[in-house]
Amino acid sequence: MVARPFQTETRSFADLLGNGRAYAVPRFQRDYAWDTDEWKDLWEDLIANLDGKHPDEGMHYMGYVVTQAPDPHDGLDPKTEWLIDGQQRLTTLSIVLLAGMRLLSLWADEGKGETPEANREREAELRRRFIGHRDPAALTTTPKLALNRLDDEFWRFHVLRARAPAKGQRLYPSNRRMWRAFEFFERHLSETFIGDGRGFALTRFLADRVGDQLVFTVITVDNDLAAYKVFETLNARGVKLSTSDLLKNHLLLVVARGAPSDLELAERLWTEAAKALGSGEFPTYLRHFWNAGHRPVRAAGLFREVRAETKDATAALELLQALFEQAPLYRGLDTPAAPLWTREQRPYVEALSYLGASQFAPLVIAAGRRSVETDGMTAILRICLVVTLRHHVSGLNPSALEEAWSNAAQSVLRDGFLGTKRLMPHLRPVYRDDQAFEHDFSLYARDVSRHRMLLRWMLCALEGATGAPRPDHDEPGLTVEHILPRNADTADYPAFDEEVRDDYVHRLGNLALLIGSGNRDAGSRPFAEKRPILETSQYRSTRALAAFEDWTPAAIQHRQLEMARHARQIWRLDT
């Protein structure tokens, strides 16, 4: 029989926390992150069907929870499982219960509605069933849920005790969110359950609606690789889970087991690298970084590859150190004005940002890791731009780029940068040759409203190729004019019926640079009225348009063929 890497079953919230079960959020997993929007959604789910008129609609599905049996080295009680995914939901539901329990305690103290003894007994039973065992002498709770290292102390000493933090107390943002969640649910529960019998009604709501009617699919795995396989499956089904969280847990756990004295350093390296990039960019950076030194791997296979090569603390720390060191360089690819770029490098970084591509990033990361000198980095950025632009203009599948960039990156990481010609054997499979690129460029078209900065940059480069000074594409007042207007009247442009107009209006040969009031003056006028405006332009490529007697598909194609010849020379590598 084939061993199963995980088991699944359906459990209610009460079942999750029953039979002596307890859960610990991995020490390095993300902090409590839910906020007002998530609390409101949960509250609306909880009070749906509160009137009880439709009991068959009472059950509510809460999604997946992923748990993992602890390793003997982890120091957990054998009955405690790691909570790999689901901590936000389980923590928030526990907060709902704790807020309700404080109300029962307050009502008992005030003697409202029912006997104090009844409400105290209800509060104690809810605590035992859902929260954990309470020491009657120390008044502390051994919780069924333990949070990560930044949240657990606040969880134990404030939330579980329903004790508000002192004014001015320094708290982590996640701690503040937990207490705000407590106040949010306490307020909503208090406003919902009023009048005589409130203690009974509130307890029934917490025990039945929260405890019994909220249902989870629980997936129990036996190791972190099985956990990742589950994550892959859930991601494929549209369930958003974090690969970077799992990688962080793995790397820091390896360090904790093998070099505990370096744990603080390891965590700081990860945190600072993530902070430099932002949570949205970090997973992509991880993959580009890995591809700079290894065979290219897709996002789905990243964890498996990293795990296989970081089995001891030394390997994990080396990876964390390199991730930290190269994070500013990677972030700089989205920040052309960053001080790490020289005056010569900045135009290439800026143009790459207009193209919106990132597949080339492993090559830049490899250059950073190899400490390639300034001139070499400038040459590498130009290589990235030319290959990316030719690929973009040709409209080829971008997925083909990853292997080529990874191979080039590994060459630089291994040997250093030895010139463009030494990289071309790795890049030639994705480098569009001159003849094909010129042909593709002669047909290139993009919507100005969506690609304004890219088109301004290209037109300025083409202006410079005419022998005129190259304009600054960021110059105030610089605009891109459609010679054939997007809403052209057929009477003004008889060579273009509606179908032909749609084919030509976004062609690069139909676009021209104007500045100041020129674009506004030209507007949607007939070409004969635009010619005097174009003829007086400060840009040579725009003035040349006045030589056309009429504006027709043939005129656009003639102009764009000339542009393509210039483009072939501007964006070309020495192969």
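In the block above lies the structure referred to throughout.
None of these values were measured; they are calculated from a predicted model. (Residues numbered from 1 in each chain as written. Predicted model: local features only at pLDDT ≥ 70, side-chain atom pairs only at ≥ 80, totals over all residues. Heavy atoms only, no water.)

Hey, could you run me through the overall build of the chain in this one?
What the chain contains, in helices and strands, is 25 helices and 10 strands. Scored against the burial criterion, the 575 residues of the chain give a buried share of 51%. The contacts in the chain between residues at least 6 apart in sequence include a share of 72% that link residues at least 24 apart. Of the roughly 27400 Å² of accessible surface on the chain, 48% is carried by carbon and sulfur atoms. (Helix = DSSP H or I, 4+ residues; strand = E, 2+ residues; numbered from the N terminus. Buried < 20%, exposed > 50% of the residue type's maximum accessible area, 1.4 Å probe, protein only. Contact = heavy atoms within 4.5 Å. Areas by Shrake-Rupley, 256 points an atom, 1.4 Å probe, with all protein chains shown as cover.)

What exactly am I supposed to notice about the environment of L302 here?
Mapped onto the fold, L302 is located in helix α12 (residues 302–309). In this structure the C-alpha to C-alpha distance between L302 and N291, which are 11 residues apart in sequence, comes to 9.5 Å.

Any chance you could explain the pairing of strand β9 (residues 478–482) here in plain terms?
Among the 5 residues in β9, 4 count as buried, and that is most of the element. Two strands pair when backbone bridges link them, and β9 and strand β10 (residues 511–515) are joined in this way by 5 bridges, in the antiparallel orientation. Looking across to β10, one finds that E481 is bridged to A512. (Pairing = 2+ DSSP bridges.)

In this structure, what is going on with the side chain of T378? I would like to understand it.
Structurally, the position occupied by T378 is in helix α16 (residues 374–394). In contact with T378, not counting residues within four places along its chain, are T342, E344, Q345 and Y348.

Please explain the nonpolar core as it appears in this structure.
Within soluble globular proteins, side chains that are nonpolar generally end up buried alongside one another. If you look at the biggest cluster of nonpolar residues, it comprises 100 residues, and the most contacted ones within it are Y285, L427, F441, W457, L508 and W571. Here the element with the most residues in this core is α16; it accounts for 10 residues. Those residues in contact with L427, other than ones at most four positions away along the chain, are I383, V387, A404, W405 and A408. In this structure, V65, L90, F185 and L202 belong to the second largest nonpolar core, which totals 52 residues. (Core = buried A, V, L, I, M, F, W, Y, C linked by side-chain atoms within 4.5 Å.)

It is not clear to me how the pattern of salt bridges should be interpreted in this structure. Could you clarify?
The tally for this structure, following the rule as stated, stands at 25 salt bridges. With its nearest N and O atoms 3.2 Å apart, the salt bridge here joins E344 to R343. One salt-bridge network, in which partners are shared between bridges, spans R390, D434, E438, R568 and R572. (Salt bridge = Lys/Arg side-chain N within 4 Å of Asp/Glu carboxyl O.)

Could you clarify how one ought to interpret the environment of Y431 in this entry?
Positionally, Y431 belongs in the loop between α18 (420–427) and α19 (434–441). Considering only alpha carbons, one finds Y431 and V387, 44 residues apart in sequence, at a separation of 5.6 Å. Those residues in contact with Y431, other than ones at most four positions away along the chain, are V386, V387, R390, M424, R572, L573 and T575.

Can you walk me through the packing of helix α14 (residues 346–355) against α16 in this structure?
Helix-helix packing is characterised by the crossing angle of the two axes and by the distance between the axes. Running from amino to carboxyl end, α14 crosses α16 at an angle of 25 degrees, the nearest separation of the two axes being 9 Å. Relative to α16, the element α14 is oriented roughly parallel. Every pair of crossing elements has a handedness; the one defined by α14 and α16 is left-handed. Counted together, Y348, V349, A351, L352 and L355 of α14 and T378, L381, R382, C384, L385, T388, L389 and H392 of α16 form the full contact between these two elements. In terms of residue class, the contact of α14 with α16 is built from 9 nonpolar, 3 polar and 1 charged. (Axes fitted to C-alpha atoms, helices over the stretch in contact; angles between N-to-C directions. Parallel < 35°, antiparallel > 145°, perpendicular 65-115°, else oblique. Left-handed = near helix turned anticlockwise from the far one by under 90°. Nonpolar A, V, L, I, M, F, W, Y, C, P; charged D, E, K, R; others polar.)

When you look at the packing of helix α15 (residues 361–369) against α16 in this model, what are you seeing that I'm missing?
Look at α15 against α16: their axes get within 10 Å of each other, and the N-to-C directions meet at 170 degrees. By the angle between their axes, α15 is roughly antiparallel relative to α16. Contact with α15, carried on its side by L363, V364, A367 and G368, involves M377, I380, L381 and C384 of α16 and no other residues of that element.

For this particular structure, what's the right way to read helix α4 (residues 116–131)?
Residues that lie three or four places apart on an α-helix share one face, since the helix turns once every 3.6 residues. Counted at 1.5 Å a residue, the expected span for α4 with its 16 residues is 22 Å, and the 21 Å between its end C-alpha atoms agrees. Every buried residue of α4 is accounted for by N119, R122, E123, L126, R127, F130 and I131. Along the axis of α4, the buried positions cluster into a sector of 135 degrees, meaning they face one direction only. Along α4, exposed side chains directed more than 90 degrees from the buried face belong to E117, E121 and R128. Residue G132 follows α4 closely and has a positive phi angle near 150 degrees. (Expected span 1.5 Å × (residues − 1). Arc of directions from axis to C-beta.)

Can you walk me through the environment of G100 in this structure?
Inspection of the secondary structure puts G100 in helix α3 (residues 87–110). By relative accessible area, which is 0% here, G100 ends up buried. Separated by 90 residues in sequence, G100 and S190 place their C-alpha atoms 8.2 Å apart. Here G100 is in contact with L189, L202 and L206, once residues within four sequence places are set aside.

Can you help me understand helix α25 (residues 553–570) in this one?
Compared with an ideal rise of 1.5 Å per residue, which puts 18 residues at 26 Å, α25 spans 25 Å between its outermost C-alpha atoms and is within 8% of the ideal. Three or more residues of α25 are buried, namely P553, A555, I556, Q557, R559, Q560, M563, A564 and A567. Those residues of α25 that are buried are in contact with α19, α20 (452–465), α21 (498–504), β10 and α24 (540–543).

How should the side chain of H158 be read in this particular structure?
Considering the arrangement of structural elements, one finds H158 in helix α5 (residues 152–159). Among the residues examined, H158 registers a relative accessible area of 12% and is labelled buried. At 3.5 Å, the side chain of H158 and the side chain of Q169 are in polar contact. Setting aside residues no more than four positions away along its own chain, H158 makes contact with R163, A164, P165, Q169 and W179. (Polar contact = N/O pair within 3.5 Å; in protein donor to acceptor, adjacent residues only side chain to side chain.)

Hey, could you run me through unusual backbone geometry in this one?
Working note: non-glycine residues mostly have negative phi, and peptide bonds are mostly trans. Despite not being glycine, A162 shows a phi value in the positive range, around 55 degrees. For A162, the position within the fold is in the loop between α5 and α6 (173–192). In this structure, S371 is a non-glycine residue whose phi angle is positive, near 55 degrees. Within the fold, S371 resides in the loop between α15 and α16.

Explanation requested: a negative patch on the surface in the structure shown.
Among the surface-exposed residues, D37, E38, D41 and E44 lie close enough to one another that they form a single negatively charged patch. For D37, the location among the structural elements is in helix α2 (residues 36–47). With relative accessibility at 57%, the residue D37 sits in the exposed group. (Patch = residues over 30% accessible without salt bridge, like charges linked within 9 Å, V, L, I, M, F, W, Y side chains within 5 Å. Lys, Arg positive; Asp, Glu negative; His and termini not counted. Charge placed at Lys NZ, Arg CZ, Asp CG, Glu CD.)

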